[in-house]
Amino acid sequence: MSSTNGKPKFAMYWAASCGGCEIAVLNIHEKILDVDANFEVVFWPVAMDAKYKDVEAMPDKSILLTLFNGGIRNRENEEMAHLLRQKSQILVAFGSCACEGCIPGLANLSSKEDLFDTVYATVSTENKDNIRPQFTYQVPEGDLHIPEFYPFLRTLDQVVPVDYYMPGCPPESHQIAAVIDLVIKVIKGEAALPENGATIGANASTVCDDCPRQRNIKKITAFRRIQDVNNLDPEICLLEQGIPCNGPATRQGCGALCPQAGAQCIGCYGPADGVIDYGARLIAAFASVIDSNDPEEIDRIIDGIPDLAGQFYRFNLAGSLLGAAKPAWNGN
Amino acid sequence: MQRISIDPITRLEGHGKIEIFLDEEGEVANTYFQIPELRGFERFCVGRPVEEMPLLTNRICGVCPEAHHMAAAKAADAVYKVDPPPAAKKLRELLYSAFYVTDHTTHFYALAGPDFIMGPEAPVAERNILGVIHKVGLEIGGKVIQARKFGHNVIEIIGGRKVHPCTSIPGGLTKGITEEQRREIEEMGRWAIEFAEFSLQLFDDIVLGNQEYVDLVLGDIYTHETYSIGLVDDHNKVNFYDGNVSVVAPDGERIGKYAPHEYTEWIAERVEPWTYLKFPYLKKVGWKGFVDGKDSGVYMATPLSRLNAADSMATPRSQEHYEKFYDTLGGKPVHQRLAIHWARLIELLYAAERWVELAADPEITSPNFHTVPTETPTEGVGIVEAPRGTLTHHYWTDERGILTRVNLVVGTTNNYAPISMSIKKAAEQLITKGSVVSEGLLNKIEMAFRAYDPCFGCATHSLPGRMPLKVTIRDVNGRPIDVLSQYC
């Protein structure tokens, strides 16, 4: 990345994440050159020699745009969130982890001790002395430190104020390219910024609006698991065929990729516009397709969804009204 | 006496951390490579339906989600004791071969290549992909982008998405491919074979043609005589998707092969209180500390170890290079860690050849891509070779296929002990009697990392090969006297 003075400054950072957001950004291919041409990239550990101290030394609000991906799992993630908030005019929660916690947010169903007790006592772990990692540990030669692991994972806006949200696991590359185009237009005075707090790089409606599968009247008498179905119809709505597809509650933006590949939407773009609680919206959507008025039969049909917490809060537990289950809260 | 503390990354960025302690004579007494993060997938996947594991565990690593997707799908097959139809297995392996081409290409050109093409002594600012393109020409840059694009195209056609594929389920796949897609995939694969041959030629010209580099590769600094492991087929040929794990001793003797469900007899993991990551080792040999040799259970799981653990390659062109590799480096097994780069390119060629073989198979377009499981789900293990090492997923479920227990031994984790040893060795060579070759230290440690292509993406958030380093040199009272850093 070249560095020319006078251009607006750009930063991208990853906290507790998998790296998929970075790969999605790299997959915009030649568009990366537009970023280079229009911004001075001041901090982006994956793409350039980034110096933390340089960021610390920058005047407050001197970075125009920071894309922040990853959730807040430990002390170091939190400190980076505060630093980049302080230095940035526009802070974007980029990707599902930063927006709503994503899959790692499912850890909020368990206490910290439970996580440790599982990981450090698996079937292949030889750990007779029941050793657990210590934030500070004295080896014969001196003290060693590792960052404090928090009782639960938080989203970016649970730690610092966020200006915009860009959902997706990861955000699709064409959406990233569109957002970059928009920001460049804003810089050139050709467009205005969206309203603060808006969701960008996605549409307001649901995945169903992008899904080419044919929708008829939905009336189901059983939920079915995808591996149990022979000859799933490739043209008909998956939910109509009894597959618990999260499309009706999930924000439009990916182009309905999974349903088009024969797999149900699992909800990675988070709640659609106006949805306060994703799980509640999805429960309502599923309830409306159940073809029965008999409470016992309804119970039986709902039992066909084997994991309610995962089905309704798979990507957004940390960001939901619930946030975390009791064992995790108790650890705080 | 100096106390030298090598702190690869600042606490705040915390992508990993190395502490080096000196003894009274100023020689290295011990080194500690710490991984600062944990997410706990083994715990929070419990309670989830097993068919979701190929989707949930993708999110362990966005750099190699395809590896987790495949290991999870195979473990889920095993949980249901269901054998997917041939077309499904071939499609999964085809996706996986294309993924290998993308991943190995990225590593060689963007991450490892700069060390060789620009030279290991080139300034950090020039040792990057842009430096490579400036030196070898824009045309090569275009080829690298093309190779990555083609690989991702195949991943999307079969896997439904470019990042985090979604189509593998217990018993096979949710979709097949059309004849038109098959032709397109085959054509891209033929281009990939030529690209791989071109890459091997480039390595030949630039590295093998330069005595200075050959000396570096063959030198002692990155040599560790450890066990090698890797997945092989029934004929003991390298395979990435299926087979048994071959275990070869430092002297080349194959001490055994294990099927996925036997892994707990062979692999154990050690917990240390000063890091979040565990250290796997060979259970049958035992943990003897961070040491080389036949009595130490430390092993490596890399492109080099896969070549060492196999008898040969399964495709003709890669076999030619396999033979040349061992002829040039003095026979099997090879222990020089920098040879991992060459081994990776041989694997790149194998993956491209396998891509075309599978794409040319008439059965690959069969509409029979899924078998509905009929057995009661119980327990299963799935193993694939991730680019960065053998990847093991082990699941237990109740009779509804809901997970009750999960164990994961992840690619790079296999190499945690040997990487730690390479760091120690680099430190020992560069620190004598308390005097530190400060410039060389960062560079040499970074090259040691890069050879393994470590992806602590889930733990350290540094993409493979870009290990942020910060070195603090302290006097006997713990007072910092010098600080060096890069990428942080």
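Residues numbered from 1 in each chain as written. Chains lettered and ligands numbered in written order. Predicted model: local features only at pLDDT ≥ 70, side-chain atom pairs only at ≥ 80, totals over all residues.

Let's talk about the overall build of chain B
Part 1: Along the backbone of chain B there are 14 helices and 18 strands.
Part 2: The 488 residues of chain B split such that 64% are buried.
Part 3: In chain B, the proportion of contacts linking residues at least 24 apart, taken out of those at least 6 apart, comes to 68%. (Helix = DSSP H or I, 4+ residues; strand = E, 2+ residues; numbered from the N terminus. Buried ≥ 20, exposed ≤ 12 C-beta atoms within 10 Å, placed from the backbone. Contact = placed C-beta atoms within 7 Å.)

Remarks on the overall build of chain A
Part 1: The secondary structure content of chain A amounts to 12 helices and 10 strands.
Part 2: Relative to its length of 332 residues, chain A is compact, with a C-alpha radius of gyration of 22 Å against a globular reference of 20 Å.
Part 3: For chain A, the spread of C-alpha atoms along the principal axes amounts to about 65 × 65 × 30 Å.
Part 4: Counting only residues that meet the buried cut, chain A has 48% of its 332 residues in that class.
Part 5: The contacts of chain A with a sequence gap of at least 6 include a subset with a gap of at least 24, amounting to 76%. (Rg over C-alpha atoms; globule rule 2.2 N^0.38 Å.)

Describing the domain arrangement of chain A
Part 1: Looking at the assigned domains, one finds that chain A contains domain 1 (9-101 + 155-187), domain 2 (109-151) and domain 3 (207-326).
Part 2: Here domain 2 of chain A and domain 3 of chain A have C-alpha centroids that lie 37 Å from each other. (Domains from an automatic or database assignment.)

Thoughts on the interface of chain A and chain B
Part 1: Between chain A and chain B, the contact holds 69 residues from the first and 76 residues from the second.
Part 2: Counting only elements with at least two residues in the side of chain A that touches chain B, the list comes to α1 (20-26), β4 (72-74), α4 (75-87), α6 (112-119), β6 (125-126), β7 (136-139), β8 (142-145) and α8 (257-260) of chain A.
Part 3: Sheet topology places β6(A) next to strand β9 (residues 267-270) of chain B; 2 bridges connect them, and they run parallel. Bridging across to β9(B), A:Thr125 finds its partner in B:Glu269. (Pairing = 2+ DSSP bridges.)

Structural notes on the environment of B:Pro36
Part 1: Here B:Pro36 lies in the loop between β3 (28-34) and α1 (41-44).
Part 2: Put simply, B:Pro36 and B:His104 are 68 residues apart on the chain and 26 Å apart in space, counted from C-alpha to C-alpha.

With respect to the nonpolar core
Part 1: One finds A:Phe68, A:Ala93, B:Leu91, B:Leu94, B:Val154, B:Ala352 and B:Trp355 to be the most contacted residues of the largest nonpolar core, which totals 238 residues.
Part 2: Ranked by the residues each element gives to this core, the list is headed by helix α4 (residues 86-117) of chain B, at 16 residues.
Part 3: Leaving out residues up to four positions away in the same chain, B:Leu91 has contacts with B:Ile158, B:Leu173, B:Gly176, B:Ile177, B:Ile364 and B:Phe369. (Core = buried A, V, L, I, M, F, W, Y, C linked by C-beta atoms within 7 Å.)

Observations regarding unusual backbone geometry
Trans peptide bonds make up most of the peptide bonds, and negative phi angles are found at most residues other than glycine.
Part 1: The linkage connecting A:Cys169 with the following residue, A:Pro170, adopts the cis geometry, with an omega of -15°.
Part 2: Mapped onto the fold, A:Pro170 is located in the loop between β10 (164-166) and α7 (173-187).
Part 3: Going from B:Lys332 to B:Pro333, the amide bond is cis rather than trans, its omega being -10°.
Part 4: A positive phi angle, close to 60°, is found at A:Lys61, a residue other than glycine.
Part 5: By the element assignment, A:Lys61 lies in the loop between α3 (52-57) and β3 (63-69).
Part 6: One non-glycine residue, A:Cys102, adopts positive backbone phi at about 60°.
Part 7: Here A:Cys102 lies in the loop between α5 (96-100) and α6.

Here's the deal with the pairing of β8(A)
Residue and element names in this part refer to chain A.
Part 1: The pairing of β7 with β8 spans 4 bridges and is antiparallel. Within the sheet, the bridge partner assigned to Tyr137 lies in β8 and is Leu144.
Part 2: Following β7, the chain reverses through 2 residues before pairing antiparallel with β8.

Thoughts on the pairing of strand β7 (residues 244-248) of chain B
Residue and element names in this part refer to chain B.
Part 1: Most of β7 is tucked away: 4 of the 5 residues are buried.
Part 2: With 5 bridges joining them, strand β6 (residues 227-232) and β7 adopt antiparallel strand pairing. For Leu231, the partnering residue across the bridge sits in β7 and is Val245.
Part 3: As defined by bridge partners, β7 adjoins strand β8 (residues 254-258) across 4 bridges and the pair is classed as antiparallel. Bridge pairing in β8 links Val248 to Arg254.

As for helix α6 (residues 138-159) of chain B
Residues and elements named next belong to chain B.
Part 1: The end-to-end C-alpha distance of α6, which contains 22 residues, comes to 31 Å, matching closely the 32 Å that a straight helix rising 1.5 Å per residue would cover.
Part 2: Within α6, the full set of buried residues consists of Val144, Ala147, Arg148, Phe150, Gly151, His152, Val154, Ile155, Ile157, Ile158 and Gly159.
Part 3: Of the residues trailing α6, Gly160 is marked for its positive phi of about 85°. (Expected span 1.5 Å × (residues − 1).)

Notes on the sheet that holds β9(B)
Part 1: Within the open sheet, the 3 strands sit side by side as β6(A)-β9(B)-β10(B). Their pairing is mixed. The outermost strands of the open sheet, each flanked by one partner alone, are β6 of chain A together with β10 (279-282) of chain B.
Part 2: Summarising the sheet, β9(B) and β10(B) pair through 4 bridges and their orientation is antiparallel. Across the sheet, B:Arg270 pairs through a bridge with B:Phe279, a residue of β10(B).

Structural notes on the sheet that holds β3(A)
Residue and element names in this part refer to chain A.
Part 1: Taken in spatial order, the 5 strands make up an open sheet running β2-β1-β3-β5-β10, and their pairing is parallel. Every other strand in the sheet has two partners, leaving β2 (40-43) and β10 as the edge strands with one partner each. Between one strand and the next, the sheet's axes are offset by a mean angle of 25°, whatever the strand orientation.
Part 2: In terms of strand pairing, strand β1 (residues 9-14) meets β3 through 5 bridges, oriented parallel. Bridged to Phe10 within β3 is Leu65. (Axes fitted to C-alpha atoms, helices over the stretch in contact; angles between N-to-C directions.)

Thoughts on the packing of helix α2 (residues 31-38) of chain A against α7(A)
Residues and elements named next belong to chain A.
Part 1: Where α2 contacts α7, the two axes come as close as 10 Å, and the packing angle between them is 25°. Looking at the two axes, α2 sits roughly parallel to α7. Viewed along their axes, α2 and α7 form a crossing whose handedness is left-handed. Along its contact with α2, which presents Lys31, Asp34, Val35 and Asn38, the element α7 presents Ala177, Ile180, Ile184 and Ile187.
Part 2: Counted by class, the contact of α2 with α7 contains 5 nonpolar, 1 polar and 2 charged residues. (Parallel < 35°, antiparallel > 145°, perpendicular 65-115°, else oblique. Left-handed = near helix turned anticlockwise from the far one by under 90°. Nonpolar A, V, L, I, M, F, W, Y, C, P; charged D, E, K, R; others polar.)

Regarding the packing of α6(B) against helix α7 (residues 179-208) of chain B
Residues and elements named next belong to chain B.
Part 1: The geometry of α6 relative to α7 is characterised by a closest axis approach of 10 Å and an angle of 150° between their N-to-C directions. One finds that α6 runs roughly antiparallel with respect to α7. Of the two possible hands of crossing, α6 and α7 adopt the one that is left-handed. Side by side, α6 and α7 meet where Lys143, Ala147, Phe150, Asn153, Val154 and Ile157 of the first sit next to Gln181, Ile185, Met188, Trp191, Ala192 and Phe195 of the second.
Part 2: Residues that form the contact of α6 with α7 fall into these classes: 9 nonpolar, 2 polar and 1 charged.

Considerations on the environment of B:Met421
All names here are of chain B.
Part 1: On the secondary structure map, Met421 appears in helix α13 (residues 416-430).
Part 2: Once the C-alpha coordinates of Met421 and Tyr276 are considered, the two residues, 145 residues apart in sequence, prove to be 18 Å apart.
Part 3: In contact with Met421, other than residues within four places in its own chain, are His224, Phe290 and Val298.

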